[in-house]
Amino acid sequence: MALLEIRDLHARIGDAEILHGINLTMDRGEVHAIMGPNGSGKSTLSYVLSGRDGYEVTQGDILMDGESVLEMEADERARLGMFLAFQYPVELPGVSGMAFLRAAVNARRKEQGLDEVDQLGFVKLARSVAKNLGVGDEMLKRAVNVGFSGGEKKRYEILQMALLEPSLAVLDETDSGLDVDALKIVSDGVNAQRGDNCGMLVITHYQRLLDHIVPDYVHILAGGQIVKTGDKTLALEVEKNGYAGIHNAA
Amino acid sequence: MQVSTMQPELAHPDIDQLAGDAHSAVAQTGWPSSKHEAWKFTPLDKSGFDSLAPASRPADTLSTAQTQSLTFKDGYLVSAGTMDKAISLRQLGRDDVTLLNWLKLLPKDHHLSYLSLGGLGEAVLLEVEASENEIPPLTLHFTGEQASASAHPVVLVQMADGARLTLIEEHVGSNALSAPVLMADVGASASLHVAKYQDQARSTSHLGLSVLKLGEQAKVNGFTLSKGSKLARMESHVEFMADDAELVLSAIYLGASGQHHDITTVVQHEVPNCQSNQVIRGVLNDDAHGVFQGKVRVAPDAQKTDGQQMSRALLLSRDAVADAKPELEIFADDVVCAHGATVGELDETLLFYLKSRGIPKAQAQAMLIKAFLGDALEQIDDDAIASFMNQIIDDWAEQNNDALVMGNS
């Protein structure tokens, strides 16, 4: 059974329909890239998948492991194993990073029928995972994302992903705002999560991220629809000819 | 010491005069309506207070307690614990000239002063000496059972130069109206912490007044949590009497269905080089109404004053209302003063971020409420008090989430 199946998905914000019938099927262990120009519906797709309020699905369905998630709140989807890495992670002044991470991990563990991790055990776990991603103790101690640089925020997203071990990860423009070194660290963190149990949907404007996170499939999103699907060479084609060339050819 | 309990008929003629003046002032003007500037958001004219009489002295004889605490019932001291040797306790009757001198320090032409003077039974004076040792916190427990009467406890705190004290005020019980007065004269280099917790029955009203005078290099840290009653106004008047004193006033109100919370402060910088910092946070659910009024006055001589004031209210319901009236009156030219007031709702983006991590909506909302109140909670610098207040807020957020989740989804 497919990990993710998007069937003829139409969605709108307010009166404006942004997605006009998206179809996509992804199996576990696969990495799919979604590329598209500004305004093509990339971020809308990530929010509709993750269940953000205000994004209304008017037609079609989203299935995770064969089960429709449309009626589920964002938190239910996340506990089932969906993870969204934000393009712009938000700052939560006054919310302790450790308390936040532990609440998230325990919510997921509870759903899986596992015991909650106590405070001490969690600090050990978080530190060991954080170390591999270059997230220092100082960052762990602060309020969520408060005072973090752009690169630090992205690393903190990947840290959350590593701790939550999602089955479906949606990465929304994870490369935006990263310099070359930061891009390498973040990509290494993402690649470490690749495996037979996890499927990844990598949403990006630029091909350069896909040099680091090499996709199995590349979809071109334009005007709220997938206009072309191919392998990683499609991304190079975009880099060479631009979106206009692809769109017109399609 | 002779106390008034033995001779209730005796009263100092000047105190009688003050009480009589208070009665006639209220008889003349009535309870303040919304036309009265200081009461425009919290009018009392329709509160039905006219039908109340001050509670009679309870039959209880004064008992002792193991802890360092005083218990007041219906406005009268009924239990006194063993005090640290640096603290001495005296009950002052209406015939006492010491009490008269304190009463003269009450705000003039003020309804809360009238209320206290009009219902005055007795007062308790705490005299605190400087001490080498750390004195454990002193708890003042106010309760009452006379549901159709008003309680008027008066606590006076005389802090000697260099003295240190932590006071915890707990206001519970079911007196129809509680009008407690706390007055503190904080000597040079003395340090006073006051943490107030108001959780009276929902049928009651609370009109509390604190009057604080700060000496040279004195430090006062006051924190208030208002959660109970249907109508609560907690008012503080602070006056800097000598240079280099520091004040932190923080307050949190938590309002739910049918409640009205009012935090009012008057801070008077009369002398140079003093600091005041006020941090007010309120969370309002259902149709609750929250009010913050804060006046900072900086006299012409009060150069180098640093006066800060920030109030924020968080509305969890479209029916909730928050009013803020910050006022700065600055007559000195070399000062750093700022004030601000905001009213907002829970940020949907923040809520979505937490939910996208699998954190259930109710828990996510509680985390954000807690974070919102953090700035005020951080001002408490006593771990035990902070953890007590945190627990109350956690419980409140949890209770008010059930309603929220149903209301929003």
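Each remark here, short or long, concerns the structure printed above.
Counting restarts for each chain: residues are numbered from 1 in the order of the written sequence. Each chain gets a letter, beginning with A, and each ligand a number, beginning with 1, in the order they are written. Only residues with pLDDT of at least 70 get local features here, since the model is predicted, and only at 80 or more are side-chain atom pairs given and counted; chain-wide, interface and lining totals rely on the full set of residues. As a convention, hydrogens and water are excluded, and side-chain values are obtained from all of the structure's heavy atoms.

### A look at the interface of chain B and chain A
Part 1: Note on definitions: a residue-residue contact is assigned when non-hydrogen atoms from the two residues lie within 4.5 Å. At the interface, 17 residues of chain B touch 32 residues of chain A.
Part 2: In this structure, the salt-bridge partner of Glu73 of chain A is Lys355 of chain B, at a minimum N-O distance of 2.4 Å.
Part 3: Identification of polar contacts relies on pairs of N or O atoms within 3.5 Å, with a donor-acceptor requirement for protein atoms, meaning one able to donate a hydrogen and the other able to accept it, and with residues adjacent in sequence counted only if both atoms are side-chain atoms. At the boundary of chain B with chain A, the tally comes to 11 residue pairs in polar contact (both at pLDDT 80 or more).
Part 4: Secondary structure elements follow DSSP: runs of H or I of four or more residues count as helices, runs of E of two or more count as strands, with numbering from the N terminus. Looking at the side of chain B that touches chain A, the elements with two or more residues in it are helix H4 (348-355) and helix H5 (361-377) of chain B.
Part 5: Of the residues forming the side of chain B that touches chain A, the biggest block, 7 residues, is contributed by H4 of chain B.
Part 6: Of the residues in the side of chain B that touches chain A, the class split is 9 nonpolar, 4 polar and 4 charged. One speaks of a salt bridge when a side-chain nitrogen belonging to Lys or Arg is within 4 Å of a carboxyl oxygen belonging to Asp or Glu. Residue type decides the class: Asp, Glu, Lys and Arg count as charged, Ala, Val, Leu, Ile, Met, Phe, Trp, Tyr, Cys and Pro as nonpolar, and the leftover types, Gly among them, as polar.

### Looking at the layout of surface pockets
If a probe as big as a water molecule is rolled over the atoms, it shows which places are left empty.
Part 1: Here the largest pocket is characterised by a volume of approximately 930 Å³.
Part 2: Elements represented by at least two residues in the lining of the largest pocket include exactly helix H3 (97-111) and helix H4 (119-132) of chain A together with H5 and helix H6 (383-408) of chain B.
Part 3: With 9 residues, the single largest contributor to the lining of the largest pocket is H5 of chain B.
Part 4: Residues belonging to the lining of the largest pocket are distributed by class as follows: 16 nonpolar, 8 polar and 8 charged.
Part 5: Of the pockets and cavities examined, the second largest pocket occupies roughly 450 Å³.
Part 6: For cavity detection a 1 Å grid was placed over the protein atoms alone, and a set of points counts as a cavity when a 1.4 Å probe fits there but cannot get out; an open set counts as a pocket when protein lies on both sides within 12 Å along at least five of seven lines, with lining residues being those that have an atom within 4 Å of a point. Around the second largest pocket, the lining is made up of 26 residues, and of these His110, Glu235, His237, Val266 and Lys295 of chain B lie nearest the centre.
Part 7: Residue assignment for the lining of the second largest pocket shows that the elements contributing at least two residues are strand E14 (205-214), strand E16 (231-240), strand E18 (260-269), strand E20 (289-298) and strand E22 (321-330) of chain B.
Part 8: For the lining of the second largest pocket, the element with the most residues is E16 of chain B, which contributes 5 residues.
Part 9: Considered class by class, the residues forming the lining of the second largest pocket number 8 nonpolar, 8 polar and 10 charged. Grid points are joined across faces, edges and corners, and a volume is the space filled by probe spheres set on the points.

### Comments concerning unusual backbone geometry
With glycine set apart, most residues show a phi of negative sign, and most peptide bonds adopt trans.
Residues and elements named next belong to chain A.
Part 1: For Asp8, which is not glycine, the phi dihedral falls at a positive 45°.
Part 2: For every residue, the accessible area (1.4 Å probe, protein chains only) is compared with the maximum for its type, and the residue is labelled buried under 20%, exposed over 50%, or partly exposed between those bounds. On the basis of relative accessibility, which here comes to 30%, the residue Asp8 falls in the partly exposed class.
Part 3: Positioned with a positive phi, Asn145 is a non-glycine residue whose angle comes to about 65°.
Part 4: Structurally, Asn145 can be placed in the loop between helix H5 (137-141) and helix H6 (150-164).
Part 5: Classification of Asn145 by relative accessible area gives buried; the value is 0%.

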